[in-house]
Amino acid sequence: CPEDGPDDACLMRNAGVAMQHVKSGGRNAFEFYSEKINTVSLERLLLETQLRRAIGRDELVLHYQPKVDLRSGRIIGAEALLRWQHPEHGLVPPGRFIPLAEESGLIVEIGEWVIDRACAQMAQWRAQQGEAVRVAVNVSRHGIVSGSLLRTTRDALLRHRIAPRQLVIELTESMLMDRVEVIAARLNLLRALGVILSIDDFGTGYSSMSYLKQFPVQELKIDRSFITGTPQDRTDTAIVRALVVLGHSLGMRVVAEGVETEAQRTALQALHCDSYQGFLCSPALPPQAFIARLQEINAAIVKTPAVPARAE
């Protein structure tokens, strides 16, 4: 005092701002108050307020990144990726607002919206284009533990008359580290519903192998960090080969993330990976652009004798 505030109330308030700044960065640290921190805190508070309103104002949108079959080259599905079309700032990067949604608890409401919107979009494509597109959505850990995910998923499938096998629920390894028995029970109920369960970013966690044993997962997605060095880096290529063999041995489909070059695609074909996502095919696209891309690529592929699909 007076540098950080003229009175006790102001000093306490500014100390609280510094404390919240430390918490948002992962805790176990310290921070002195500054005007810069106060500005950042006010910006975060404003962004959180705007995010709460965004759901009701239809500012949230889903873009769809194609998932390509490595045997046929056909687009066989998509991953739904959340975007925020801010009225003033344009498209807000997910890395900026998703952590804020998780901290504020908004992630549950947003997650419910994503599942319903993805199912509604699948129904629209089916009605307008005759396309049955399998769509993957990312979910929050809270939705799994609380049981709300099961109810939300079941209601959305029924409301839009979507076959459960058309919906893929993607989980990250970090979601599965605590309360294993509770999460396993919830996932078994989802699996009984008929949806596909997938582990995203596989290979970056601490107990990857145990997840495959304990949870009813049908799809394994190899993290892009291993794809980047394939095929030039022998270690990355060996890891990808091992993960493909592991997944197939357990009856799972294997998806490679972040494929950007023809060399990577060719290597993944040789390693018998099932499908891939990445800029080599397309970035995430708005719904109409996605379906146009799907029809363009699939129509251009020369028909060849069908290769038996891997059991799911």
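Summary of the structure given here. This one's a predicted model, so the numbers in the text were calculated from it and none came from an experiment. (Residues numbered from 1 in each chain as written. Predicted model: local features only at pLDDT ≥ 70, side-chain atom pairs only at ≥ 80, totals over all residues. Heavy atoms only, no water.)

## What about the overall build of the protein?
Across its full length, the protein holds 12 helices and nine strands. Across the 312 residues that make up the protein, the buried fraction comes to 45%. Long-range contacts, defined as pairs at least 24 residues apart, comprise 64% of the intrachain contacts of the protein with a sequence gap of at least 6. Accessible surface for the protein amounts to roughly 16,100 Å². Of this, 54% is attributable to carbon and sulfur atoms. (Helix = DSSP H or I, 4+ residues; strand = E, 2+ residues; numbered from the N terminus. Buried < 20%, exposed > 50% of the residue type's maximum accessible area, 1.4 Å probe, protein only. Contact = heavy atoms within 4.5 Å. Areas by Shrake-Rupley, 256 points an atom, 1.4 Å probe, with all protein chains shown as cover.)

## Considerations on the side chain of Ser275
Its location among the elements puts Ser275 in strand β9 (residues 275-276). Note on Ser275: relative accessible area 1%, which makes it buried. In contact with Ser275, other than residues within four places in its own chain, are Lys67, Val68, Asp69, Leu70, Ile76, Val254, Val255 and Ala256.

## Some remarks on the environment of Leu193
Of note, Leu193 is situated in helix α7 (residues 180-193). Placed 39 residues apart in sequence, Leu193 and Arg154 show a C-alpha to C-alpha distance of 7.5 Å.

## So, the pairing of strand β5 (residues 167-172)
When you tally the buried positions in β5, you get five out of six residues, the bulk of the element. As paired elements, strand β4 (residues 134-138) and β5 share four bridges and run parallel to each other. The residue of β5 that forms the bridge with Val135 is Leu167. With five bridges connecting them, β5 and strand β6 (residues 196-202) associate as parallel partners. If you follow Thr172 over to β6, its bridge partner there is Asp200. Handedness of the crossover is the feature at issue here: the chain leaves β5, passes through α7, returns alongside β6, and the resulting connection is right-handed. (Pairing = 2+ DSSP bridges. Right-handed = clockwise from strand over helix to strand, strands pointing away.)

## Considerations on the packing of aromatic side chains
As enumerated under the stated definition, the model contains five aromatic pairs in all. Measuring from ring centre to ring centre gives 6.1 Å for Phe30 and Phe32, while their planes differ by 80 degrees; the resulting arrangement is edge-to-face. Considering the side-chain rings of Trp125 and Phe290, the 5.1 Å spacing of their centres and the 35 degrees angle between planes classify their relative orientation as tilted. One end of the pair, Trp125, is in helix α4 (residues 106-129); the other, Phe290, is in helix α12 (residues 287-300), with 165 residues separating them in the sequence. This pair shows no difference in class: Trp125 is buried, exactly as Phe290 is. (Phe/Tyr/Trp six-rings, centres within 6.5 Å; stacked < 30°, edge-to-face > 60°.)

## Quick look at the nonpolar core
By size, the foremost hydrophobic cluster in this structure holds 76 residues, and its most contacted members are Val137 and Phe290. A per-element tally of this core places α4 first, with 11 residues. (Core = buried A, V, L, I, M, F, W, Y, C linked by side-chain atoms within 4.5 Å.)

## Here we look at the pairing of strand β1 (residues 60-69)
Of all the 10 residues making up β1, nine are buried; the element is thus mostly covered by neighbouring parts of the structure. Sheet analysis places β1 next to strand β2 (residues 75-86), joined by nine bridges and oriented antiparallel. Note on β2: the bridge partner recorded for Lys67 is Gly77. Between the antiparallel neighbours β1 and β2 lie five residues, among them Gly73 with a positive phi of about 85 degrees.

## Digging into the environment of Ser104
Along the polypeptide, Ser104 turns up in helix α3 (residues 94-104). Discounting residues that sit within four places of it in the chain, Ser104 has contacts with Glu48 and Arg52.

## Some remarks on the packing of helix α6 (residues 148-160) against α7
Between α6 and α7, the shortest axis-to-axis distance is 10 Å and the interhelical angle comes to 10 degrees. On the basis of their axis angle, the class for α6 and α7 is roughly parallel. Residue-level contacts link Leu149, Leu150, Thr153, Arg154 and Leu157 of α6 to Leu189, Leu190 and Leu193 of α7. Within the contact of α6 with α7, the residues separate by chemical class into six nonpolar, one polar and one charged. (Axes fitted to C-alpha atoms, helices over the stretch in contact; angles between N-to-C directions. Parallel < 35°, antiparallel > 145°, perpendicular 65-115°, else oblique. Nonpolar A, V, L, I, M, F, W, Y, C, P; charged D, E, K, R; others polar.)

## Thoughts on helix α10 (residues 234-249)
For α10, built from 16 residues, the straight-helix expectation of 22 Å at 1.5 Å per residue is met to within 8% by its first-to-last C-alpha distance of 22 Å. Within α10, the full set of buried residues consists of Asp236, Thr237, Val240, Leu243, Val244, Gly247 and His248. Viewed end-on, α10 has its buried residues packed into an arc of 130 degrees, placing them on one side of the element. Exposed residues pointing more than 90 degrees away from the buried face of α10 are listed as Arg234, Thr235 and Ser249. Considering only its buried residues, α10 is in contact with β6, β7 (219-222), α9 (224-227), β8 (253-256) and α11 (262-270). Structurally, the start of α10 carries an N-cap: the backbone nitrogen of Thr235 is 2.9 Å from a side-chain oxygen of Asp233. Taken from the residues just after α10, Gly251 is the one with a positive phi, measuring 75 degrees. (Expected span 1.5 Å × (residues − 1). Arc of directions from axis to C-beta. Polar contact = N/O pair within 3.5 Å; in protein donor to acceptor, adjacent residues only side chain to side chain.)

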